[in-house]
Amino acid sequence: MFLRASVYVRSFGLQRRSFANAAANFRIPVIDFSKFRAAQSDVEKKETADEIVSAFKNSGFIYVSNHGIPEDTVSNVFRKSAEFFKMPTDVKAQLAWEDPRSNRGYVQIGRERVTQSADADEITALREKAPDFKESMEIGRDWDSEWKNQWPEESDAPGFKKTMLNFFQTCHELHVEMMRSIALGLDLSENFFDRKIDQQCHNLRLLSYPPIKRALLDGDGQARAGSHSDYGTLTLLFQPQVGGLEVMDPQTGVFIPATPIPSTIVINVGDLLARWSNDVLRSTLHRVVSPAKMISSAETITPARQSIAFFSNPNFDTVIECLPNCGNEARYPPIDTETYIVGRLTATYM
């Protein structure tokens, strides 16, 4: 099953005809993951695995249905996330993000500027000119002996910590299953990645995009979250029906809306998995530009938006180098996960 990207014109300088043609050709497949999880044979598993890898080779994105995470669980995480962001600014500020090695804590609006640039001076200039209009809360593995999560007091956010820790574990388990499917799709052993991702060096990010006047997003380079790729193996994105995610068609360079589909998760390839696969799998640029709503004859506003992203990573000591079956000549030198992730985060935030 495939979802054709919706065709409509936004005010980003795209002509109607070129946008429509790109949207008509760009497809993000919907994968029924129950066929993998309930498969009775390796052949059945391989069929779904091949679908997933084929999509990751082409668009780098899939919608996953029947993924095993109950809707009530996701709804509760969104509810607790909304409660967190409604807390007073001074209370959230006490939980501030401090260090790229930790990557934990509250990030205020304008602190982050996602981009493909790795140049610190260029990113600083972008942040000053066109900051990302969002705030976030970053959560890592809670049993880390060196880096601790920044939890609000239970009295300020009842049930928040327990909800997020349970969800972190649930997402990790889905990530393991997805990586097993990718291994099979790349003709590797199903458990090839297991010992390379078992330390749970992931990042659960809660995101809040407050309402903002459309005019403030129309400047050069402005967006809810600028054009970027993700850093790790896979990103599991839980997005609301308000939409806003746009994915760049790798063939045309045109950004196409990834229209929300109820009860699905959007999953995309990150830079390290693309690098691991020698670019056999595609890490695709994407951005967030929320839909506008008229508030007067002369002005529009983008509505509030929430999303939840689980950024999956290999173990920090895992060396990322060309996988078997992914080409005879490596395009990239080996690099360990921690060096790559911390380097990207340092450039993004500092």
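Structure: see above.
What comes next concerns the included structure. Everything quoted here is computed from the prediction, not taken from an experiment.

## Side note on the pairing of strand 16 (residues 305-311)
It is a general feature of regular strands that their side chains alternate between the two faces of the sheet. Burial analysis of strand 16 places 6 of its 7 residues in the buried class, the great majority of the element. Summarising the sheet, strand 6 (residues 203-209) and strand 16 pair through 7 bridges and their orientation is antiparallel. By the bridge assignment for strand 16, Asn203 is matched with Phe311. In this structure, strand 9 (residues 234-238) lies alongside strand 16, joined through 4 bridges in antiparallel fashion. Bridge pairing links Phe238 to Ile308 in strand 16.

## Overview of the nonpolar core
Counting 63 residues, the largest nonpolar core has Ile182, Leu234 and Phe238 as the members making the most contacts within it. Ranked by residue count, the leading element in this core is helix 7 (residues 160-185), at 12 residues. By size, the runner-up hydrophobic cluster in this structure holds 17 residues, among which are Leu237, Val247, Ala258 and Phe311.

## Regarding the packing of helix 3 (residues 42-58) against helix 7
Packing of helix 3 against helix 7 leaves a shortest axis separation of 8 Å and a crossing angle of 90°. Taken together, the axis directions place helix 3 and helix 7 in an arrangement best described as roughly perpendicular. From helix 3, Lys45, Lys46, Ala49, Asp50, Ile52, Val53 and Phe56 reach across to helix 7, where they touch Met178, Ser181, Ile182, Leu184 and Gly185. The residue inventory of the contact of helix 3 with helix 7, partitioned by class, reads 7 nonpolar, 2 polar and 3 charged.

## Observations regarding the environment of Leu184
Counting through the fold element by element, Leu184 comes out in helix 7. Under the relative-accessibility criterion, Leu184 is labelled buried at 16%. Spatially, the C-alpha atoms of Leu184 and Ala49 are 6.0 Å apart, while their sequence positions differ by 135 residues. With residues up to four places along the chain from it excluded, the contact list for Leu184 reads Phe36, Lys45, Lys46, Ala49 and Glu190.

## Topic: the pairing of strand 12 (residues 265-269)
Most of strand 12 is tucked away: 5 of the 5 residues are buried. Burial of strand 12 is two-sided: the residues Ile265, Ile267 and Val269 facing one way and the residues Val266 and Asn268 facing the other way are all buried. Note: strand 3 (residues 61-65) against strand 12, 4 bridges, orientation antiparallel. Counted as the bridge partner of Tyr63 is Val266 from strand 12. As paired elements, strand 9 and strand 12 share 4 bridges and run antiparallel to each other.

## With respect to unusual backbone geometry
Of note, the phi angle at Asn66 is positive, near 50°, even though the residue is not glycine. In the Ramachandran plot, Ser263 falls in the positive-phi region, its phi being about 70° despite a non-glycine side chain. Inspection of the secondary structure assignment puts Ser263 in the loop between strand 11 (255-257) and strand 12. By relative accessible area, Ser263 is classed as partly exposed at 39%.

## Side note on helix 4 (residues 71-85)
Between its terminal C-alpha atoms helix 4 stretches 21 Å, which fits the 21 Å expected from 15 residues at 1.5 Å a residue. For helix 4, the full list of buried residues reads Val74, Val77, Phe78, Lys80, Ser81, Phe84 and Phe85. For helix 4, the arc enclosing every buried residue in end-on projection is 165°, short of the 170-degree limit, so these residues lie on one face. Residues of helix 4 that are exposed and point over 90 degrees away from its buried face: Glu71 and Asp72.

Calculation criteria
- Residues numbered from 1 in each chain as written.
- Predicted model: local features only at pLDDT ≥ 70, side-chain atom pairs only at ≥ 80, totals over all residues.
- Heavy atoms only, no water.
- Buried < 20%, exposed > 50% of the residue type's maximum accessible area, 1.4 Å probe, protein only.
- Helix = DSSP H or I, 4+ residues; strand = E, 2+ residues; numbered from the N terminus.
- Pairing = 2+ DSSP bridges.
- Core = buried A, V, L, I, M, F, W, Y, C linked by side-chain atoms within 4.5 Å.
- Axes fitted to C-alpha atoms, helices over the stretch in contact; angles between N-to-C directions.
- Parallel < 35°, antiparallel > 145°, perpendicular 65-115°, else oblique.
- Contact = heavy atoms within 4.5 Å.
- Nonpolar A, V, L, I, M, F, W, Y, C, P; charged D, E, K, R; others polar.
- Expected span 1.5 Å × (residues − 1).
- Arc of directions from axis to C-beta.

Just distances and angles here, no functional claims.
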